[in-house]
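Report on the structure
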Amino acid sequence: MRIIVLIKHVPDTWEERVLDPATGRLDRSASERVVDEITERALEAALALKDSDKSIEVVALTMGPGESTGAIKKALSMGADSGIHLVDDALAGADAMTTAATIAAALRDAGADLIIAGNESTDGRGGMLPAMLAEHLGLPALTFISDLVVEGGRVRGERATETATSVVSAALPAVVSITEGMPEPRFPSFKGIMGAKKKPVASHSLADLGLAADATPRAASVVLSCEPRPGRTGAEPIVDDGSAGQRLADYLAQQRLV
Amino acid sequence: MTLLNDAPMAAPAHALTDEQAALVDMVRDFARHELEPHAIEWDRTKHFPVDVIRGAGELGFGGIYVSEDVGGAGLTRADAALIFEELAKGDVTIAAYISIHNMVAWMIDTFGDGAQRERWVPRLASMEHLGSYCLTEPDAGSDAAALSTRAVRDGDEYVLTGVKQFISGAGSTDVYIVMARTGEPGPAGITAFIVPSDAAGLSFGANEVKMGWNAQPTRAVILDGVRVPAADRLGGEGQGFTMAMKALNGGRLNIAACSLGGAQWALDRAVQHIRTRRAFGKPLSEQQSLVFTIADMETELQAARLLLRSAAQSIDTGHPDVAAHCAMAKRFATDVAFTAANAALQLHGGYGYLAEYGIEKVVRDLRVHQILEGTNEIMKLIIGRSVLEKAS
Ligand SMILES: Cc1cc2nc3c(=O)[nH]c(=O)nc-3n(C[C@H](O)[C@H](O)[C@H](O)COP(=O)(O)OP(=O)(O)OC[C@H]3O[C@@H](n4cnc5c(N)ncnc54)[C@H](O)[C@@H]3O)c2cc1C
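Right, let's walk through the structure included here.

Conventions and cut-offs
Residues numbered from 1 in each chain as written. Chains lettered and ligands numbered in written order. Predicted model: local features only at pLDDT ≥ 70, side-chain atom pairs only at ≥ 80, totals over all residues. Heavy atoms only, no water. Near = heavy atom within 4 Å. Helix = DSSP H or I, 4+ residues; strand = E, 2+ residues; numbered from the N terminus. Nonpolar A, V, L, I, M, F, W, Y, C, P; charged D, E, K, R; others polar. Domains from an automatic or database assignment. Buried < 20%, exposed > 50% of the residue type's maximum accessible area, 1.4 Å probe, protein only. Polar contact = N/O pair within 3.5 Å; in protein donor to acceptor, adjacent residues only side chain to side chain. Contact = heavy atoms within 4.5 Å. Expected span 1.5 Å × (residues − 1). Arc of directions from axis to C-beta. Core = buried A, V, L, I, M, F, W, Y, C linked by side-chain atoms within 4.5 Å. Phe/Tyr/Trp six-rings, centres within 6.5 Å; stacked < 30°, edge-to-face > 60°. Lys NZ or Arg CZ within 6 Å of the ring centre and 35° of its normal. Pairing = 2+ DSSP bridges. Axes fitted to C-alpha atoms, helices over the stretch in contact; angles between N-to-C directions. Salt bridge = Lys/Arg side-chain N within 4 Å of Asp/Glu carboxyl O. Buried area = accessible area lost by both parts, 1.4 Å probe.

Once that is clear, we can look at the site of the ligand. Residue and element names in this part refer to chain B. The immediate surroundings of the ligand are formed by 16 residues, with T136, S142, F166, T375 and E377 found nearest. Of all elements in the fold, only β3 (157-168) and α11 (376-391) reach the threshold of two or more residues within the shell around the ligand. Each residue belonging to the shell around the ligand can be placed in one class, and the counts come to eight nonpolar, six polar and two charged. When residues of the shell around the ligand are assigned to domains, at least three map to each of domain 2 (132-238) and domain 3 (241-391).

Residues and elements named next belong to chain B. With respect to the secondary-structure elements, S259 resides in helix α7 (residues 240-276). A residue is classified by how much of its surface remains accessible, and S259, at 0% relative accessible area, is buried. Side-chain polar atoms of S259 contact the side chain of H369, separated by 2.8 Å. Residues contacting S259, with those up to four places away along its chain left out, are A333, T334, A337, L366 and H369.

Here the focus is α11(B). Residues and elements named next belong to chain B. Taking 1.5 Å of rise per residue, 16 residues should cover 22 Å, and α11 covers 23 Å from first to last C-alpha, within 8% of that figure. When α11 is considered as a whole, its buried residues turn out to be N376, I378, M379 and I383. Projected down its long axis, α11 carries its buried residues within an arc of 165°, all on one side. Residues E377, K380, R385, L388, E389 and A391 are exposed on α11 and point more than 90 degrees away from its buried face.

Residues and elements named next belong to chain B. Structurally, E360 can be placed in helix α10 (residues 359-367). We classify E360 as buried; its relative accessible area is 14%. A distance of 2.8 Å separates a polar atom in the side chain of E360 from a polar atom in the side chain of R364. With near-sequence residues (within four places) excluded, E360 lies in contact with L345, G352, Y353, L354 and A355.

Next up on the list: the nonpolar core. Core analysis: the largest hydrophobic core is formed by 107 residues, its most contacted members being F190(A), F61(B), Y133(B) and M179(B). When residues of this core are assigned to their parent elements, the largest contribution, 18 residues, is made by α7(B). In this structure, F61(B) is in contact with F190(A), M26(B), V27(B), F30(B), A56(B), I83(B), L87(B), I98(B), N102(B) and M127(B), ignoring residues within four places of it in sequence. Counting residues in each nonpolar core, the second largest holds 32 residues, with A60(A), L76(A), L114(A) and I145(A) among its members.

Here we take up unusual backbone geometry. Here the amide bond leading from L172(A) into P173(A) is cis, since omega sits at -5°, within 30 degrees of zero. Inspection of the secondary structure assignment puts P173(A) in the loop between β9 (165-171) and β10 (174-178). Phi angles above zero are rare outside glycine, and R256(A) is one such case at about 55°. Within the element layout of this structure, R256(A) appears in the segment after α6 (244-254). Phi at F280(B) takes a positive value of approximately 55°, unusual for a residue other than glycine. Here F280(B) falls in the exposed class, since its relative accessible area comes to 80%.

It is worth spelling out the packing of aromatic side chains at this point. All names here are of chain B. Enumeration over the complete set of coordinates arrives at eight aromatic pairs over all chains. Measuring from centroid to centroid gives 5.2 Å for F48 and Y97, while their planes differ by 85°, and the two rings are edge-to-face. Residue F48 is found in the loop between α2 (39-45) and α3 (50-59), and its partner Y97 is found in helix α5 (residues 92-111); the two are separated by 49 residues along the sequence. Relative accessible area serves as the criterion here: at 0%, Y97 is assigned to the buried category. Taking the ring centre of Y65 as reference, the NZ or CZ of R77 above it sits at 3.7 Å. The lysine or arginine in question, R367, covers the ring of F338, its NZ or CZ lying 5.7 Å from the ring centre.

Our next topic: the sheet that holds strand β8 (residues 154-160) of chain A. Residue and element names in this part refer to chain A. The strand order across the open sheet formed by nine strands is β9-β8-β7-β10-β6-β1-β4-β5-β11, and the pairing between neighbours is mixed. This sheet does not close on itself; its edge strands, each paired only once, are β9 and β11 (201-204). Strand-to-strand twist in this sheet, taken as the mean axis angle between neighbours without regard to direction, amounts to 30°. Both strand β7 (residues 141-151) and β10 contribute to a ladder of three bridges, which runs parallel. Bridged to I145 within β10 is I178. Across the face of the sheet, helix α3 (residues 96-107) comes into contact with β1 (2-6), β4 (57-63), β5 (82-86) and β6 (114-118) while running at roughly 145° to β4.

What follows concerns the pattern of salt bridges. Should the charged atoms of two oppositely charged side chains come close, the side chains can pair. All names here are of chain B. With the rule as written, the count across this model stands at 28 salt bridges over all chains. When the shortest N-O distance is used, the salt bridge between D154 and R227 registers 2.3 Å. With D154 in strand β2 (residues 150-154) and R227 in strand β7 (residues 218-229), the pair connects residues that are 73 residues apart, well separated along the chain. D154 sits in the partly exposed class, given a relative accessible area of 39%. A salt bridge links K361 to D365; the shortest N-O distance between them is 2.5 Å. Separated by four residues within a single helix, K361 and D365 lie in helix α10, roughly one turn from each other. For the pair shown, K361 and D365 are each scored as buried. Sharing partners across several salt bridges, the network here consists of D25, R28, E86 and K89.

The next subject is the interface of chain A and chain B. Each side of the interface is counted separately: chain A has ten residues, and chain B has 20 residues. Between chain A and chain B lies a buried interface of about 1300 Å² when both sides are counted; carbon and sulfur atoms form 73% of it. At the surface where chain A touches chain B, the tally comes to two salt bridges. Salt-bridge contacts for K73(A) lead to D18(B); the nearest nitrogen and oxygen are separated by 3.9 Å. Counting across the chain A and chain B interface gives two residue pairs in polar contact (both at pLDDT 80 or more). Of all elements in the fold, only α2 (69-78) and α5 (190-195) of chain A reach the threshold of two or more residues within the side of chain A that touches chain B. Per element, the largest residue contribution to the side of chain A that touches chain B is four residues, and it comes from α5(A).

So, about the pairing of strand β5 (residues 190-196) of chain B. All names here are of chain B. Counted residue by residue, β5 has six buried out of seven residues, so it is predominantly covered. As judged from the seven bridges shared by strand β4 (residues 175-181) and β5, these two strands associate in the antiparallel manner. Bridge assignment links V175 to a residue of β5, and that residue is P196. Strand direction decides the pairing type here: β5 and strand β8 (residues 233-234), joined by two bridges, are antiparallel. From the neighbouring strand, F193 faces β8, where its bridge partner is R233.

Encoded structure:
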């Protein structure tokens, strides 16, 4: 069985994230990049399946600029067998539609029995990609899944909603998106880190995928402008001259908070 | 977070490879998730977290520079120095225990015969078994070559009798390397043995009440007629002291790295603290004398880091002055790291003295690094003598 996991290199959630006001795009140099936390859990889900069946092959796929090989390296060090990197200058600023079309082109003949993605990425939070991908590929999509089981040629999982938990399943091949309810990712081992360099990583440009750069779906959505969030206003700083406690209590009482 | 960039200044000699950067990232994640949140509690309750240590074993921490054919990670001492520095930022005491464990695994890997390597090392490398290193005795510390535990040959066995003092991990570990006397007085009469925890006649003293290193037990190991098969003798008769000293070269670097990690963690905390803590109408970080304190801490830790990484290269490349290089790194790093940690405590004011802030724990933990694996006075003996020998 071949599982392809979609991973994404994103700015560290714990650091400040910055948009470039000129392009409306993410300023990639502003913060350290890490493998998206939810997609790391997607990888963990695939590796856990591999733990119980060594014949399973796990491939990590990412679309992103050159430096995104960092995400693939991390995935390989955690235990993925190989990597696929979709990289092309023409993809800079790609929106969800373009991304889905490009990844679908790469997956069409990749022989995946199961495609696992995160339900959303911690930077964009669109949460659309897995469903779009399934549509492109004509595959069933099980989205927002926790507790993933593969058995007898089918994939099954739980999908929690506000009122109930559904158990959903589909015949393979299928696309699954998992939530942060799935188990935490493992740490790479020292051996995994040292061995990552020897694992194969294929790199594909748009032309390799048969998507000529000018024929690629142009960004279907364009950011026209963006501005930084305004600083907080309306706060009244209280400088303690001995009465701060009283004034704070008065304020809370006035706002009916105590 | 560090005041200056984490990478040492003297690139390319000390630049990190991509793999080393990935190793450091992994250890940082591990230390932040698995050690740091519990360190204060483990110190307070004197809890030795064997389960967490075994978890580290699955990642390769049990045999960092042990050969791959017996389950080790096969990394270099330069890698190990980076790993221990980062690990100690989570918990100095646990990192230091893992260093001692690595000394034990490395000794059997390096000096053991084929059967010994296969029998003992894989389970040490995975940390299914934990190791202890037994050299010191109640009446032989700095002068370890004066040890008096006896090993008397009796047919296919040796009979070991004596007391080992201050043994890290003792009582909770599985494999003990014991240095004992088989022959003449002095270093040439000492032989090393591998003794499992369930050997008849082996027992342990009470867990010592100590200033720091509370998250790992320290006990006397009592050998009362313990029969050790000759097959478990490590190396030949009379070779034990040399092997024990070779193991300590690496151990000293790891301890230096642990000191560095603990002190860097304390420095980072202190920088945060004085930037946000206000007194006399401005942040403490605007007091020039405190800026100078930070400057001294950073400078000395960077110097120690360079000395450490250079000594690690001396082991990796088999430099003839390796013992002196390791002694210099250990002496310097453990001294400046203790001073820096103590300064971090001072910069925190009263909060530095509270357990909750974790700083006083680092100070207590680092203090013993100036004493064990050869006191810093003994380091000076090694360094000074090697300089004088060159001149003669
Ligand atoms: C928490 C802890 C854990 C330990 N773990 C282990 C372990 O796992 N395995 C192990 O074998 N040992 C271990 N030790 C023992 C440690 O290595 C010794 O304590 C150390 O070597 C010093 O020996 P000593 O305590 O007998 O001091 P002494 O040798 O009595 O020294 C006392 C003082 O005299 C100084 N001194 C001694 N000789 C000279 C000299 N010639 N010139 C100048 N100064 C000198 C010393 O530097 C020291 O300051 C541990 C110790 C501690 C505290």
